[in-house]
Amino acid sequence: NAGFSSAPENRLYLPPVPEPEYQPGKVNVASQQQDNASLLNQIRKFIRLRQENPVLGTGGFSWLEAAEPSIAAYWRWDKATVFLAVHNLSASPQQIQLSQPYLPSSAGLDLFTNEPVSDFGAWTIQPYAFRWLKFPRSAFPTFPDQETLP
């Protein structure tokens, strides 16, 4: 089971994938732990980010209207923090443009690169990519509160 489970093979929900490129010698916990871009490490990062930022699960929520139906974008917020999550669900790059009252007055932080993000005119999100951005609530002086959002 390549270190992902201690259960005997006959007790697994599904059998291991038989293709050679997915055999335990190539895809296993030890190799996934050493690869920062591995699926295992990406899932661990998602879990850590959710634990460090409870507003992602319990804060206010509102969908962001996007010009393209292939963009899933939403806001999460509480009294101190505003998050913007943008997901491109298409096979082509998509343009995103924010406008007031959703245009931040200060830079945000990309939760996956830990780099500041400040260009919010029009920006492009690559195919099947996403961005999770974190801002102080003060970056949105006119951001609607939970009672005024649909």
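If you had to explain the overall build of the protein to someone new, which residues and values would you point to?
The helix and strand inventory of the protein stands at three helices and eight strands. Listed N to C, the secondary structure of the protein is α-α-α-β-β-β-β-β-β-β-β in terms of helices and strands. Since a compact globule built from 150 residues should have a radius of gyration of about 15 Å, the 19 Å found for the protein marks it as more spread out than a globular shape. Counting only C-alpha atoms and orienting by the principal axes, one finds that the protein spans roughly 55 × 30 × 30 Å. The buried share of the protein, taken over its 150 residues, is 36%. The contacts of the protein with a sequence gap of at least 6 include a subset with a gap of at least 24, amounting to 53%. Of the roughly 9,700 Å² of accessible surface on the protein, a fraction of 54% belongs to carbon and sulfur atoms. Considering the protein, the positive charge centre built from 11 side chains and the negative charge centre built from 13 side chains are found 8 Å apart.

Kindly report on the pattern of salt bridges, identifying the contributing residues and their values.
Across all of its chains, the model carries two salt bridges by this definition. Here R48 ties to E52 by a salt bridge, and the two come within 3.2 Å at their closest N and O atoms. Within this pair, R48 and its partner E52 are both found in helix α2 (residues 39–52), separated by four residues, close to a single helical turn. The salt bridge involving R131 is made with D110; its shortest N-O contact spans 3.1 Å. With R131 in strand β8 (residues 130–136) and D110 in strand β5 (residues 108–110), the pair connects residues that are 21 residues apart, well separated along the chain.

Which residues make up the environment of E68, and what values do they have?
Its location among the elements puts E68 in the loop between β1 (60–63) and β2 (71–77). Put simply, E68 and I96 are 28 residues apart on the chain and 8.9 Å apart in space, counted from C-alpha to C-alpha.

Give a description of the nonpolar core that names residues and reports values.
A general feature of soluble globular proteins is that nonpolar side chains tend to end up buried together. Grouped together as the largest cluster of nonpolar side chains are 19 residues, with contacts concentrated most on W75, L84, V86, F120, L133 and F135. Mapped by element, the contributors of at least two residues to this core are β2, β3 (81–88), β7 (122–125) and β8. Sorting elements by how many residues they give to this core places β2 first, with four residues. Residues in contact with F135, not counting those within four places in the same chain, are A80, T81, V82, L84, P104, S106, A107, G108, F120 and F140.

An account of the layout of surface pockets is requested, with residue identities and associated values reported.
The space that makes up the largest pocket amounts to roughly 400 Å³. Lining the largest pocket are 14 residues, with N1, A2, F4, P16 and V17 positioned closest to its centre. Split into classes, the residues belonging to the lining of the largest pocket amount to ten nonpolar, three polar and one charged.

Break down the packing of aromatic side chains for me, citing the residues and quoting the values.
Ring pairs (aromatic) are described by centroid distance and by the angle formed between their planes. Counted according to the given criterion, the structure contains eleven aromatic pairs. Ring plane angle 65 degrees and centroid distance 5.1 Å describe the contact between F46 and F112, whose orientation is recorded as edge-to-face. Of the two residues, F46 sits in helix α2 while F112 sits in the loop between β5 and β6 (116–117), which places them 66 residues apart along the sequence. With 5.8 Å between their ring centres and 80 degrees between their planes, W63 and Y74 make a pair best called edge-to-face. On the criterion of sequence distance, the pair formed by W63 in strand β1 and Y74 in strand β2 is long-range, its members being eleven residues apart. Counting every residue linked through ring pairs, the aromatic cluster contains F46, F112, F130 and W132.

Describe in detail the confidence of the model for the protein, supporting the description with residues and values.
Scored by pLDDT, the protein comes out at a mean of 84, with 92% of its residues at no less than 70. The secondary structure element of the protein with the lowest average pLDDT is β7, at 84, and the one with the highest is β3, at 92. In this model residues 146–150 is a low-confidence stretch, pLDDT under 50, and it forms seven contacts with partners more than four residues away in sequence or in other chains.

Each value, and the rule that gives it
- Residues numbered from 1 in each chain as written.
- Predicted model: local features only at pLDDT ≥ 70, side-chain atom pairs only at ≥ 80, totals over all residues.
- Heavy atoms only, no water.
- Helix = DSSP H or I, 4+ residues; strand = E, 2+ residues; numbered from the N terminus.
- Rg over C-alpha atoms; globule rule 2.2 N^0.38 Å.
- Buried < 20%, exposed > 50% of the residue type's maximum accessible area, 1.4 Å probe, protein only.
- Contact = heavy atoms within 4.5 Å.
- Areas by Shrake-Rupley, 256 points an atom, 1.4 Å probe, with all protein chains shown as cover.
- Lys, Arg positive; Asp, Glu negative; His and termini not counted.
- Charge placed at Lys NZ, Arg CZ, Asp CG, Glu CD.
- Salt bridge = Lys/Arg side-chain N within 4 Å of Asp/Glu carboxyl O.
- Core = buried A, V, L, I, M, F, W, Y, C linked by side-chain atoms within 4.5 Å.
- 1 Å grid on protein atoms, 1.4 Å probe; cavity = no way out; pocket = protein on both sides within 12 Å on 5 of 7 lines; lining within 4 Å.
- Points joined across faces, edges and corners; volume = space filled by probe spheres on them.
- Nonpolar A, V, L, I, M, F, W, Y, C, P; charged D, E, K, R; others polar.
- Phe/Tyr/Trp six-rings, centres within 6.5 Å; stacked < 30°, edge-to-face > 60°.
- pLDDT = per-residue confidence, 0-100.

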